[in-house]
Protein chains: 2
Amino acid sequence: MNMKIDILLDAIEKKDAPVCVGLDPMLSYIPSHIVRQSVAENGEGLKAGAYAIWEYNKRLIDALCDIIPAVKPQVAMYEQFGYYGMEVFEKTVRYCHEKGLVVIGDVKRGDIGSTSEAYARAHLGSVKIGNSFYSPFDEDFATVNPYLGDDGIEPFTKVCKETGKGIFILVKTSNPSGSQFQDLNTEGKKLYERVADMVNKTGKDLMSVKYPYSSVGAVVGATYPEVGGALRKIMPNALLLVPGYGAQGASAKDLREYFNRDGLGAVVNSSRGIICAWKKEDDVEYAADNFAECARKAASAMISDINSAR
Amino acid sequence: MNMKIDILLDAIEKKDAPVCVGLDPMLSYIPSHIVRQSVAENGEGLKAGAYAIWEYNKRLIDALCDIIPAVKPQVAMYEQFGYYGMEVFEKTVRYCHEKGLVVIGDVKRGDIGSTSEAYARAHLGSVKIGNSFYSPFDEDFATVNPYLGDDGIEPFTKVCKETGKGIFILVKTSNPSGSQFQDLNTEGKKLYERVADMVNKTGKDLMSVKYPYSSVGAVVGATYPEVGGALRKIMPNALLLVPGYGAQGASAKDLREYFNRDGLGAVVNSSRGIICAWKKEDDVEYAADNFAECARKAASAMISDINSAR
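Residues numbered from 1 in each chain as written. Chains lettered and ligands numbered in written order. Predicted model: local features only at pLDDT ≥ 70, side-chain atom pairs only at ≥ 80, totals over all residues. Heavy atoms only, no water.

A. View of the pattern of salt bridges. Counted according to the given criterion, the structure contains 44 salt bridges over all chains. Close ionic contact of E162(B) with K158(B) constitutes a salt bridge, the shortest N to O distance being 3.5 Å. One end of the pair, E162(B), and the other, K158(B), are both in helix α7 (residues 150–163), four residues apart, so they sit about a helical turn from each other. There is no split in this pair, since E162(B) and K158(B) are both exposed. By sharing partners, the salt bridges in this structure join K72(A), D106(A), K108(A) and D111(B) into a single network. (Salt bridge = Lys/Arg side-chain N within 4 Å of Asp/Glu carboxyl O. Helix = DSSP H or I, 4+ residues; strand = E, 2+ residues; numbered from the N terminus. Buried < 20%, exposed > 50% of the residue type's maximum accessible area, 1.4 Å probe, protein only.)

What follows is the structure in structure tokens.
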């Protein structure tokens with residue numbers, strides 16, 4: 001069985017790019033001619049919104065797939081268009097796979113055991129209907145929320161063992177109030193350190209044989225660099241998924257401590273900074289027609305920038 | 001604007017039933033003749049699974065709608081059938097509304113601000129496409145995860161202010177490892193007490209004018225009764241959404257402290273205990289044909305049991 005952590009790290013090495021692009025399309029990011037065309041084809045409504053995203057995503061994926069190893073679609077941006085949005089989420093995952101991209105589903109799911117099992121099947125596994133198994137959304141990795149403790153995580157790792165897939169547990173998020181609970185001192189340790197211990201413990205059984213990394217990684221925001229450095233040391237075998245670069249304010253120099261000495265260990269995400277790059281061009285009208293090339297240019301610049309930090 | 005908290009509490013008073021039923025259908029809960037028929041109509045695949053649930057739900061809702069005030073569909077059970085499952089989730093919410101039921105979407109979403117905004121729109125609000133607004137899933141309440149702090153919650157309360165809808169923040173969950181992080185001592189307070197403080201603070205601006213309750217409630221599991229009693233006192237104006245009764249092990253006597261002196265303040269949920277009641281009958285073959293009546297009988301018994309505790 002191929003482990004997705006190996007496929008992801010191979011792709012990072014081959015493309016020399018420890019990054020992923022957040023496919024988090026708000027309707028306001030999408031050039032208006034694409035939205036108008038989708039409304040003309042699908043009628044005004046949620047389907048038109050969802051299919052505008054689909055058109056936008058396809059062109060972004062085509063323009064980016066040979067220079068980046070992975071994408072991280074944020075499911076909320078699809079869910080906001082109802083089930084049509086979820087159809088486009090599924091189509092996006094499949095299209096990324098066709099183009100050789102690793103897909104990290106940013107779903108932040110987490111619930112009691114039996115419910116987490118359903119989420120794990122939905123995003124990383126399969127369900128049995130009649131005599132066959134079907135994989136609903138079929139991402140390679142998913143992000144999960146730790147608030148419910150071990151038994152909310154176990155169903156995900158169980159599915160990872162069966163499928164070779166992986167998870168990233170939210171340890172320290174990039175948002176301003178990420179500190180509110182996560183940084184609390186809890187009987188001698190910060191809460192995020194306890195969640196980091198969970199990552200280590202859970203990840204032991206899911207180690208790659210090729211790389212010193214586990215299929216259980218951690219989300220660690222780029223916006224708290226000292227914490228990132230400390231967490232890097234606490235979780236030596238965890239791949240860090242690092243949001244917060246670019247639009248959220250962090251720069252490459254903040255990221256030096258997120259990498260291990262092997263130059264691996266972190267996958268830095270940018271969403272708006274890449275998929276919305278066209279809006280920052282001087283000639284916005286020209287850029288709207290060439291949004292995918294603008295995204296490619298921004299991704300290339302990001303890769304050079306991040307590589308300067310490792 | 002009608003506040004959904006008033007509609008929910010009115011319905012609890014009128015039906016004398018502080019309960020909700022978890023519409024959390026696993027395929028294994030559904031009598032096999034319904035699954036077979038769905039496969040015959042839809043072909044083997046995710047659509048057949050989703051539509052088996054839809055058929056099952058409709059009959060449960062028909063049998064329950066005059067005796068219960070609310071349902072709590074667990075979205076994971078729908079998500080596991082991909083976008084067809086999400087279509088059935090939406091259909092279920094709309095059908096419940098037609099039948100006069102309040103719908104609590106058990107979605108446990110939560111993310112950084114801009115992403116939580118998309119989730120809030122998806123489940124409680126609307127999105128603008130062209131010149132009109134569309135409400136994707138349109139529940140009345142949604143459960144949310146607090147791990148990302150205030151700025152992950154604010155987009156939900158903002159939508160609640162616009163729509164009259166509400167949320168339940170996860171404070172203390174019912175699962176065995178719910179204690180792992182939630183019970184940690186954090187600088188003089190348990191973590192769940194700090195989340196309870198967040199519920200109080202966030203709920204102040206969203207008070208009902210008719211009842212002493214806020215549109216911001218709290219999820220407090222039935223399986224830790226001492227904690228439930230303590231949290232009841234810390235959050236006097238929060239409606240408690242209480243999972244864990246029945247199949248998860250808690251009984252009515254455990255729930256006395258979850259209610260306020262007005263006999264209100266808690267909505268106790270049961271899922272498997274109601275929707276799977278038919279499987280506990282002696283004549284399982286007969287019960288499979290009459291699963292909805294079995295659910296009604298179980299719900300009536302649950303209501304009497306819970307009422308003995310308040």
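B. Broad picture of the nonpolar core. One finds I68(A), V171(A), M235(A), I68(B), V171(B) and M235(B) to be the most contacted residues of the largest nonpolar core, which totals 246 residues. If near-sequence neighbours (up to four positions away) are discounted, I68(B) is found in contact with K15(B), V19(B), V21(B), L101(B), A299(B) and I303(B). (Core = buried A, V, L, I, M, F, W, Y, C linked by side-chain atoms within 4.5 Å. Contact = heavy atoms within 4.5 Å.)

C. Spotlight on the sheet that holds strand β2 (residues 70–71) of chain B. All names here are of chain B. With parallel pairing, the eight strands of this closed barrel are ordered in space as β1-β2-β3-β6-β7-β10-β11-β12. Alignment of strand β3 (residues 102–109) against strand β6 (residues 141–144), held across three bridges, turns out to be parallel. In the sheet register, G105 faces β6, and the bridge partner there is A142. Against the sheet, α7 touches β3, β6, β7 (166–172) and β10 (216–220), its axis set at about 150 degrees to β7. (Pairing = 2+ DSSP bridges. Axes fitted to C-alpha atoms, helices over the stretch in contact; angles between N-to-C directions.)

D. Looking closely at the pairing of β6(B). All names here are of chain B. Residues F141 and T143 line one face of β6 and the alternating positions A142 and V144 line the opposite face, and both faces are buried. In the sheet, β6 pairs with β7 via four bridges, with the strands oriented parallel. Note on β7: the bridge partner recorded for A142 is I167. Each parallel crossover has a hand, and the one from β6 via α7 to β7 is right-handed. (Right-handed = clockwise from strand over helix to strand, strands pointing away.)

E. Structural context of the relation of the copies chain A and chain B. Screw-axis analysis of chain A against chain B gives a translation of 0.0 Å along the axis, an RMSD of 0.0 Å, and a rotation angle of 180 degrees. On the angle and the small slide along the axis, the relation comes out as a two-fold axis. If distances are taken from each C-alpha of chain A to the rotation axis, the shortest is found for T186(A), at 2.3 Å. Take the interface residues of chain A: 100% of them recur as interface residues in chain B, which is what a same-surface contact looks like. (Least-squares fit on C-alpha atoms with pLDDT ≥ 70 in both.)

F. Region of the structure containing the packing of aromatic side chains. Per the counting criterion, the structure on display carries twelve aromatic pairs over all chains. Where F89(A) meets F137(A), the ring centres are 5.7 Å apart and the plane angle is 65 degrees; that geometry is what we call edge-to-face. With F89(A) in helix α5 (residues 82–98) and F137(A) in the loop between β5 (132–134) and β6 (141–144), this residue pair connects regions lying 48 residues apart in the sequence. Since its relative accessible area comes to 0%, F137(A) is described here as buried. Here W54(B) and Y95(B) contribute two aromatic rings whose centre-to-centre distance is 5.8 Å and whose plane-to-plane angle is 85 degrees, an arrangement assigned as edge-to-face. Of this pair, W54(B) sits in helix α3 (residues 46–64) while Y95(B) sits in helix α5 (residues 82–98), placing them 41 residues apart in sequence. (Phe/Tyr/Trp six-rings, centres within 6.5 Å; stacked < 30°, edge-to-face > 60°.)

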